[in-house]
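Each chain is listed here by its residues.
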Amino acid sequence: MRLALIGYGNVGKAFARLLAEQRSRFPFRIAGIHTARHGSAFDQRGLPLEPQFGPAVTPIAEFLGRARPDVVIEITPLEPATGEPAISHIRAAFEQHKHVVTANKGPIAHAYSALRQDAERAGVQFRFESTVMDGAPVYNMVRNNLPGVKVLGFTGVLNSTSKVVIAAMREGRTMEEGVEEARQMGITETDASFDIEGWDSAAKTAALANVLMQANVTPLEVDRRGIGRLTPDKLQMLLEKRKTVCLVSRARQTRSGVHLRVRAEVLAETDLLACVPGTSNLLLLHTDLMGTVGTISISPGVSQTAYGIFSDLVDISKTL
Ligand SMILES: NC(=O)c1ccc[n+]([C@@H]2O[C@H](COP(=O)([O-])OP(=O)(O)OC[C@H]3O[C@@H](n4cnc5c(N)ncnc54)[C@H](OP(=O)(O)O)[C@@H]3O)[C@@H](O)[C@H]2O)c1
């Protein structure tokens, strides 16, 4: 199976390493990579981990024409206000009847319903497991394991960077030091203010609501407040009371529609939402037939994001 990657940063490189490790079992090869500043690279036999980039081949349709992939992997940075240019990249792939896998939550948060219809018309698959909780099953859990269930709402701690930053400030370090620690781990958004101001969480919240609750919203409709006003002093005062803060996403179905909220909430250290350590994420789905059921990912990093993309590809490869 030939792949074209749009974006080759932390996630793209972790994904390429995973492919190299798994090549004997899964003969997937990267035939083309396109980036913003490094240019484009092509090799139908499969590109190495450190490819030689030539000039950027644009527009994206031309890049895809040269790479001739079976599947396009969209992993450019999140743009929370519009979801672009990723939405256009994905549409260009569908126009050429290519399957698409993305880890970029922007397109799912802004245009899920339209993109799903475009994919159906093109007769291709559109998969995005790693957009929320990396490789932990979220969409797949509902699709494969909860048939007939209606999701009425959800509660989640979905942003790892804010957890690393809050943990640092609880130890008396600054917010900037916490962000730098998360950046070193490769888990921040390209613009880390999107993590701190709650945009990443808002995009994940909108994406989950669009896919699991047919909400048809964008991140702009999420009632959002991030952790930007927290200080080490405030967190240390809470620590004395055995409390902490988590950036919590909440969704609930109301008579007037789906209500979505992202807030830095004060929680007891023993609260289920607060007691998963490090970068760990947790999502609880509130359903009609199965009560509350959830998924936890302990200390995920960029390798787990790579696995989320890989899991979508393994599924697609079964249909080719
Ligand atoms: N990092 C994580 O833990 C994680 C987890 C889940 C989901 N994600 C999502 O995965 C995506 C990628 O994240 P990342 O950490 O890999 O980001 P990153 O390290 O900042 O890399 C972004 C890549 O996209 C390229 N790029 C930027 N604008 C582009 C454009 N207009 N056209 C083509 N390429 C473009 C960049 O090119 P240059 O190399 O030339 O700058 C770079 O290669 C994001 O949407 C993020 O939200 C990340």
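Quick look at the structure, then. Because the structure is a prediction, the values reported are computed rather than measured.

Each value, and the rule that gives it
Residues numbered from 1 in each chain as written. Predicted model: local features only at pLDDT ≥ 70, side-chain atom pairs only at ≥ 80, totals over all residues. Heavy atoms only, no water. Salt bridge = Lys/Arg side-chain N within 4 Å of Asp/Glu carboxyl O. Helix = DSSP H or I, 4+ residues; strand = E, 2+ residues; numbered from the N terminus. Buried < 20%, exposed > 50% of the residue type's maximum accessible area, 1.4 Å probe, protein only. Pairing = 2+ DSSP bridges. Contact = heavy atoms within 4.5 Å. Axes fitted to C-alpha atoms, helices over the stretch in contact; angles between N-to-C directions.

1. Re the pattern of salt bridges
Next up, step 1: Scanning the model with the defined rule gives 18 salt bridges in all.
Next up, step 2: Its salt-bridge partner being R242, residue E269 comes within 3.6 Å of it at the nearest N-O pair. Residue E269 is found in the loop between β10 (257-268) and β11 (281-287), and its partner R242 is found in the loop between α10 (232-240) and β9 (243-254); the two are separated by 27 residues along the sequence.
Next up, step 3: A salt bridge links R250 to E265, with the nearest nitrogen and oxygen atoms 2.8 Å apart. In this pair, R250 sits in strand β9 while E265 sits in strand β10, placing the two residues 15 residues apart along the sequence.
Next up, step 4: Classification of E265 by relative accessible area gives buried; the value is 11%.

2. Let's talk about the sheet that holds strand β4 (residues 71-74)
Next up, step 1: If you trace the 6 strands from one edge of the open sheet to the other, you get β3-β2-β1-β4-β5-β6, paired in mixed fashion. Across the chains shown, the open sheet's two edge strands, defined by having one partner strand only, are β3 (40-42) and β6 (126-127).
Next up, step 2: As paired elements, strand β1 (residues 2-6) and strand β2 (residues 29-34) share 5 bridges and run parallel to each other. Each bridged residue has a counterpart across the sheet, and for A4 the counterpart in β2 is G32.

3. Focus on unusual backbone geometry
Next up, step 1: In this model, T58 is joined to P59 through a cis peptide bond whose omega is -5 degrees.
Next up, step 2: Looking at where P59 falls in the secondary structure, it is placed in the loop between β3 and α2 (60-67).
Next up, step 3: Here the residue pair E84 and P85 is connected by a cis peptide bond, since its omega of 0 degrees sits within 30 degrees of zero.
Next up, step 4: Structurally, the position occupied by P85 is in the loop between β4 and α3 (86-95).
Next up, step 5: Even without being a glycine, D134 presents a positive backbone phi close to 55 degrees.
Next up, step 6: Here D134 is to be found in the loop between β6 and α5 (139-145).
Next up, step 7: A positive phi angle, close to 50 degrees, is found at S299, a residue other than glycine.
Next up, step 8: Of note, S299 is situated in the loop between β12 (292-297) and α11 (302-317).

4. Details of the sheet that holds β12
Strands in a sheet are paired, the pairing made by backbone hydrogen bonds, and the direction either parallel or antiparallel.
Next up, step 1: With respect to topology, 6 strands assemble into an open sheet ordered β8-β10-β9-β7-β11-β12, the strand pairing being mixed. At either end of the open sheet lies a strand with only one pairing partner, and these are β8 (223-224) and β12.
Next up, step 2: Where β11 meets β12, 6 bridges bridge the pair, whose relative direction is antiparallel. Paired with L282 across the bridge in β12 is I296.
Next up, step 3: Helix-sheet contacts for helix α6 (residues 160-170) involve β7 (151-157), β9 and β11, and the interaxial angle to β9 is about 150 degrees.

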